[in-house]
Amino acid sequence: TDLGAGGATVNSAATANHNTYLLNMGGNGTTPSIYTYTQGTTEAKKTEITTLPQNLTAGSIAADDNFVYVSVVTSANPGEAVTYYAPHNDLNNMKKLGATVYSPAGKVSSTVMNSKVYNAVTPAAMGAMDLREHDTVTPEADTVTVTWKDEDGTVLKTTQVKKGETPAYPDTMPSKPD
């Protein structure tokens, strides 16, 4: 399948949830992008990843059932290997996962296995490859549980409320006897 004009270079590929993700690191002042192919289609959806640092020197992509992970080497001196993540449906919302994985880094390759993101990092100068890991991200629940208690700690009610909404007591508010 043609990735379009300009001859995009695929630096890394990953699959999850019937999607194939191809990472293009950009280069020459262009923005890194991810091409997403959904199983059964022949067209790629290109997402420019403006939330990643620009002028990256190397990168790798990995995915699990919930998130896409992009590990990159920045052009900072010394180069830093850093991992970012975003939900499958919001790839341009990359957030940094933990701290710098390794520095000074030259190249990075990533995979996801057993709830870990593994990064194989090649040093910028001569040296042995290093393996680093992060825990994968757990999706946030859409609702939270609110437990309503009396002043003595007795549970009055338990309700579910959408995250970000203000809870309201579901019954007549209890009052203290006079």
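Residues numbered from 1 in each chain as written. Predicted model: local features only at pLDDT ≥ 70, side-chain atom pairs only at ≥ 80, totals over all residues. Heavy atoms only, no water.

Enquirer: Help me understand the overall build of the protein, please; the structure alone is not making it clear to me.
Expert: Each helix and strand in the protein was counted, giving zero helices and 13 strands. The secondary structure elements of the protein, listed N-terminal to C-terminal, are β-β-β-β-β-β-β-β-β-β-β-β-β. For 178 residues, the compact-globule formula gives about 16 Å, and the C-alpha radius of gyration of the protein, at 22 Å, lies well above that figure. Principal-axis analysis of the C-alpha atoms places the extent of the protein at approximately 80 × 40 × 30 Å. For the protein, with 178 residues in total, the buried portion stands at 37%. Intrachain contacts of the protein at a sequence separation of at least 6 include 33% that bridge at least 24 residues. (Helix = DSSP H or I, 4+ residues; strand = E, 2+ residues; numbered from the N terminus. Rg over C-alpha atoms; globule rule 2.2 N^0.38 Å. Buried < 20%, exposed > 50% of the residue type's maximum accessible area, 1.4 Å probe, protein only. Contact = heavy atoms within 4.5 Å.)

Enquirer: Would you mind showing me how to read the sheet that holds strand 2 (residues 19-24) here?
Expert: Hydrogen bonds between backbone atoms are what pair the strands of a sheet, whose relative direction is either parallel or antiparallel. Here four strands make up an open sheet; going across it, the order is 1-2-3-4 and the pairing antiparallel. One side of each edge strand has no neighbouring strand; the edge strands of this open sheet are strand 1 (12-16) and strand 4 (45-48). On average, adjacent strands in this sheet sit at an angle of 20 degrees to one another, irrespective of strand direction. As paired strands, strand 1 and strand 2 are joined by five bridges and run antiparallel to one another. By the bridge assignment for strand 2, A16 is matched with N19. (Pairing = 2+ DSSP bridges. Axes fitted to C-alpha atoms, helices over the stretch in contact; angles between N-to-C directions.)

Enquirer: Even after reading the chapter, I still don't get the sheet that holds strand 10 (residues 116-123), so can you show me in this structure?
Expert: Read across the open sheet, the three strands follow the order 9-10-11; overall the sheet is antiparallel. Every other strand in the sheet has two partners, leaving strand 9 (105-113) and strand 11 (130-135) as the edge strands with one partner each. Mean inter-strand twist for the sheet, computed between neighbouring axes without regard to direction, equals 25 degrees.

Enquirer: Would you take a moment to explain unusual backbone geometry for this structure?
Expert: Outside of glycine, negative phi angles account for most residues, and trans bonds account for most peptide bonds. Geometrically, the link from S103 to P104 is a cis peptide bond, its omega value of 5 degrees lying close to zero. Its place among the elements puts P104 in the loop between strand 8 (95-96) and strand 9. Phi at N17 takes a positive value of approximately 50 degrees, unusual for a residue other than glycine. Secondary-structure assignment places N17 in the loop between strand 1 and strand 2. Here N17 falls in the partly exposed class, since its relative accessible area comes to 37%. Even without being a glycine, H18 presents a positive backbone phi close to 65 degrees. Looking at where H18 falls in the secondary structure, it is placed in the loop between strand 1 and strand 2. With relative accessibility at 59%, the residue H18 sits in the exposed group.

Enquirer: Help me out: how do you make sense of the packing of aromatic side chains in this one?
Expert: Working definition: an aromatic ring pair is given by the centre-to-centre distance plus the angle between the planes. Under the criterion given, the structure shown has three aromatic pairs. With a centroid separation of 5.6 Å and an interplanar angle of 80 degrees, the aromatic rings of F67 and Y85 are classed as edge-to-face. Within this pair, whereas F67 is found in strand 6 (residues 67-73), its partner Y85 is found in strand 7 (residues 81-87), the two being separated by 18 residues in sequence. Of the two residues examined, F67 and Y85, each falls in the buried class. An aromatic cluster of three or more residues is present, and its members are F67, Y69 and Y85. (Phe/Tyr/Trp six-rings, centres within 6.5 Å; stacked < 30°, edge-to-face > 60°.)

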